[in-house]
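Examining the three-dimensional arrangement
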Amino acid sequence: MDTINAKGYLLDMDGVFYVGGKLLDGARSCLRELQKRDIPFRFVTNTTTKTKVELMEKLEGLGLPVEASCLFTAVSATKRFLESRGSPSLHLLVRDTVKKEFSRFELDADTPDYVVIGDIGANWDYETLNDVFNMLMRGSKLLCMHRNKFWQDENGLRMDIGAFVAALEHVSDQKATVVGKPTSSFFQQAVGSMELEVDQVAMVGDDIEADVGGAQSSGLQGVLVKTGKYRPELVSRSSVRPDFVLDSIAQLPDRLG
């Protein structure tokens, strides 16, 4: 059994440690082993339906408590990106609880500086997309928290916001700015918080493209788990080749260097 030669780990959450509200086997013991060995880690997630506080509460409820410094989210990364641009006006397509994270920014439903795309679930419809299309045609910029194709819940695969982002790019002839995985800046921020170099860190996830491919493109090792959204046929079609493949997160403690 090959050892993963890494000094630190980035860990996807949904699909790796839990699916929906169900904890996956070995999740707690894996986290405890990392903590016991003082191996630095960060949870990194593209989830846009919850704030950082809400995600920490969910982790604690599942028996996976972590410090706030150990959690990197696409929502927080989007907020940091916008703050680095001064005080741009926004049109937010996110859940109501997530909107509170952007309360310092002016909202504009006509010609905002940025249209910010998160997950609004079943509220996606033609009128919503058409309104955004016209904002983009009037000069607004398209900013998406991520562009995942799909995700996994207790009932199977669910289409994610990447499809809507692609549609808006197509009709507006504009390329969206992506903030979360698989962007290098997102990985680098998480790695930098552990005071490690990217080649010393492995990313563990269930998404062959955003997790494994994105990590490898950023200089990290990519570890794929066969849980969550993992499907063997999707992996076989991908050009990405993981550095390591685990049946589940339960196997990670036995592969630690």
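Figured I'd write up the structure that's included with this text. Model, not experiment: these values are computed from the prediction.

1. A look at the overall build of the protein chain
For the protein chain, the helix and strand inventory stands at 10 helices and 14 strands. For the protein chain, whose C-alpha radius of gyration is 18 Å, the value lies close to the compact-globule estimate of 18 Å for 257 residues. The C-alpha extent of the protein chain, read off along each of the three principal axes, is 55 × 35 × 30 Å. When each of the 257 residues of the protein chain is scored for burial, the buried share is 53%. The contacts in the protein chain between residues at least 6 apart in sequence include a share of 66% that link residues at least 24 apart. When the accessible surface of the protein chain is totalled, it reaches about 11900 Å², and 46% of it is carbon and sulfur. Each charge sign in the protein chain was given a centre, from 30 positive and 37 negative side chains, and these centres are 2 Å apart.

2. Observations concerning helix H7 (residues 184-192)
When we look at burial in H7, the residues that qualify are Phe 186, Phe 187, Ala 190 and Val 191. Seen end-on, H7 carries its buried residues on one side only, within an arc spanning 130 degrees. Of the surrounding elements, those touching the buried residues of H7 are strand E1 (8-11), strand E4 (41-45), strand E5 (71-73), helix H3 (74-83), strand E12 (201-205) and helix H8 (208-217).

3. Concerning the sheet that holds E4
Note on sheets: strands pair through backbone hydrogen bonds, and any given pair is parallel or antiparallel. Pairing is parallel in the open sheet, where six strands are placed in the order E5-E4-E1-E12-E13-E14. Of all the strands in the sheet, just E5 and strand E14 (244-246) have a single pairing partner and so form its edges. For this sheet, the mean inter-axis angle between neighbouring strands, taken without regard to orientation, is 25 degrees. Here four bridges tie E1 to E12, and the two strands are oriented parallel to one another. Paired with Leu 11 across the strands is Val 204, a residue of E12. Lying over the sheet, H3 contacts E4 and E5, oriented at roughly 70 degrees with respect to E5.

About the cut-offs
Residues numbered from 1 in each chain as written. Predicted model: local features only at pLDDT ≥ 70, side-chain atom pairs only at ≥ 80, totals over all residues. Heavy atoms only, no water. Helix = DSSP H or I, 4+ residues; strand = E, 2+ residues; numbered from the N terminus. Rg over C-alpha atoms; globule rule 2.2 N^0.38 Å. Buried < 20%, exposed > 50% of the residue type's maximum accessible area, 1.4 Å probe, protein only. Contact = heavy atoms within 4.5 Å. Areas by Shrake-Rupley, 256 points an atom, 1.4 Å probe, with all protein chains shown as cover. Lys, Arg positive; Asp, Glu negative; His and termini not counted. Charge placed at Lys NZ, Arg CZ, Asp CG, Glu CD. Arc of directions from axis to C-beta. Pairing = 2+ DSSP bridges. Axes fitted to C-alpha atoms, helices over the stretch in contact; angles between N-to-C directions.

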